[in-house]
Amino acid sequence: MGAMSSQVLVMLNQPSLDAPAHDPAAAPWRLADPAAPQLSVLDLGATRGDGIFETLSIGFGKPQAFDHHLRRFAASAAALDLPAPDASAWRAAILAAAAELDPAEEAWAKAVMTRGVEGDGRPTGWVYATHSADFTRERTEGVTVVLLDRGYRHDVESTSPWLLTGAKTLSYAINRAVAREAARRGAQDVVFVSSDGYLLEGPTSTLVYRRGDTLFSPGTGLGILDGTTLANVFRFAGERGLSTGFELGTPDSLRSADAAWLVSSVRLAAPIRSVDGAPLGSDPEFTAALNSWLRVLAE
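Please read all numbers here as calculations on a predicted model, not as lab measurements.

What counts, and at which threshold
- Residues numbered from 1 in each chain as written.
- Predicted model: local features only at pLDDT ≥ 70, side-chain atom pairs only at ≥ 80, totals over all residues.
- Heavy atoms only, no water.
- Pairing = 2+ DSSP bridges.
- Helix = DSSP H or I, 4+ residues; strand = E, 2+ residues; numbered from the N terminus.
- Core = buried A, V, L, I, M, F, W, Y, C linked by side-chain atoms within 4.5 Å.
- Buried < 20%, exposed > 50% of the residue type's maximum accessible area, 1.4 Å probe, protein only.
- Contact = heavy atoms within 4.5 Å.
- Salt bridge = Lys/Arg side-chain N within 4 Å of Asp/Glu carboxyl O.
- Expected span 1.5 Å × (residues − 1).

## What to know about the sheet that holds strand 3 (residues 51–59)
Alright, step 1. Across the sheet, six strands lie side by side as 2-1-6-5-3-4; this open sheet has antiparallel pairing. A strand with exactly one partner marks an edge of an open sheet, and here the two such strands are strand 2 (29–32) and strand 4 (62–63).
Alright, step 2. Across five bridges, the pairing between strand 1 (residues 7–12) and strand 6 (residues 124–131) is antiparallel. Each bridged residue has a counterpart across the sheet, and for Gln-7 the counterpart in strand 6 is Thr-130.

Structural data, given as structure tokens:
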């Protein structure tokens, strides 16, 4: 694979230093053909969704929020009792994938680690990278959302840690199901609400809303992901003189907001234009400036 490509696959030889390498004599990673079979049918990632992942935005060839993603990757592994990812190996593999891609303003890389073949004791790891879709419409026109009950109390992270809320796992059936439910209700996305009535997150995004001169997001300890993009949204807001904070908000907090967004690594900031069919205020100037800033951000 000497030529650059719009799709790149990097397979890791030893995803964790706590487990043996797949080939002790091989290099830490290798480029592989994305169109060729690479995964055993006995891999627990395929048979049980037993694994973790992170998706990083690549802006102008540079992975963004790199350290934050690697920390969250390690936290997800710990939650699943997986071997600790070798941060150096994963960093090198992600950088290699980004370097092999054809030049593009926006791309993304997905790092995946599974428990491997059952009984083998060696995790499977790979990084797949490709160019991003065009999210201009979502970033400018916004998305319509519906509120859906997640079925857990807001304190589930502390009361039932075995449910793995807050970990980024390969078990994505529920996230896909809620997207289909949103479509059935004539909406484009979802904001989860806890069974006791508090705002949580989107299936693949973090919720942010503005009231006056302050940006809010649901607080920590709610069984939601530690948003990598959120940290940079708050950083941008601070540079523009806005306050930021966490709030145990309710659906009324969202409905009465001056503006709101679903933020994520690849789509960036998508303004919410309606909630359950009711229009929501917007801030096009702030949204455009935020997305322009996120697109070129590199840490």
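## Quick look at the nonpolar core
Alright, step 1. By size, the foremost hydrophobic cluster in this structure holds 26 residues, and its most contacted members are Ile-52, Trp-90, Ile-94, Met-113 and Val-127.
Alright, step 2. Of all elements in the fold, only strand 1, strand 3, helix 2 (66–79), helix 3 (87–100), strand 5 (106–114) and strand 6 reach the threshold of two or more residues within this core.
Alright, step 3. The biggest single contributor to this core is helix 3, with six residues.
Alright, step 4. When residues no more than four places from it in sequence are discounted, the contact partners of Trp-90 are Leu-12, Pro-15, Leu-70, Phe-73, Pro-85, Ala-111, Val-112, Met-113, Gly-125, Trp-126 and Val-127.

## Examining the pattern of salt bridges
Alright, step 1. In total, this model carries 19 salt bridges according to the counting rule given.
Alright, step 2. Of the charged contacts in the structure, one is a salt bridge between Glu-141 and Arg-137, with a shortest N-O distance of 3.2 Å. Of this pair, Glu-141 and Arg-137 are both found in helix 4 (residues 136–141), four residues apart, which corresponds to roughly one turn of the helix.
Alright, step 3. Its relative accessible area of 58% is what places Arg-137 among the exposed residues.
Alright, step 4. Of the charged contacts, one joins Arg-255 and Asp-276 as a salt bridge, the two residues approaching to 3.9 Å between their closest N and O atoms. Taken together, the positions of Arg-255 in helix 8 (residues 251–255) and Asp-276 in the loop between strand 13 (268–275) and strand 14 (278–279) put the pair 21 residues apart, joining distant regions of the chain.
Alright, step 5. The network of salt bridges with common partners includes Glu-105, Glu-106, Arg-139 and Arg-295.

## Topic: the side chain of Thr-114
Alright, step 1. Along the polypeptide, Thr-114 turns up in strand 5.
Alright, step 2. Given the relative accessible area of 1%, Thr-114 is considered buried.
Alright, step 3. With residues up to four places along the chain from it excluded, the contact list for Thr-114 reads Asp-43, Gly-45, Asp-50, Gly-51, Leu-82, Pro-123, Thr-124, Trp-126 and Leu-170.

## Quick look at unusual backbone geometry
Trans peptide bonds make up most of the peptide bonds, and negative phi angles are found at most residues other than glycine.
Alright, step 1. Despite not being glycine, Ala-65 has its phi angle at roughly 50 degrees, a positive value.
Alright, step 2. Among the residues examined, Ala-65 registers a relative accessible area of 5% and is labelled buried.
Alright, step 3. Unlike most non-glycine residues, Leu-268 shows phi in positive territory, near 65 degrees.
Alright, step 4. By the secondary structure assignment, Leu-268 is in strand 13.
Alright, step 5. In this structure Leu-268 comes out as buried when scored by relative accessible area, which is 3%.

## So, the side chain of Thr-55
Alright, step 1. Within the secondary structure layout, Thr-55 lies in strand 3.
Alright, step 2. Sequence-distant contacts of Thr-55, defined by excluding residues within four places in its chain, comprise His-69, Trp-108, Ala-109, Lys-110, Lys-168, Ser-265 and Val-266.

## Points about helix 7 (residues 228–239)
Alright, step 1. Between the first and last C-alpha of helix 7 there are 18 Å, a value that for twelve residues agrees with the 16 Å anticipated at 1.5 Å per step.
Alright, step 2. Turning to helix 7, its buried residues are Thr-228, Thr-229, Leu-230, Asn-232, Val-233, Phe-234, Phe-236 and Ala-237.
Alright, step 3. Where the residues of helix 7 are buried, they touch helix 2, strand 9 (206–211), strand 10 (214–218), strand 11 (243–247), strand 12 (259–264) and helix 9 (284–296).
Alright, step 4. Backbone geometry just after helix 7 places Gly-241 at a positive phi near 85 degrees.

Nothing here speaks to function; it is geometry throughout.
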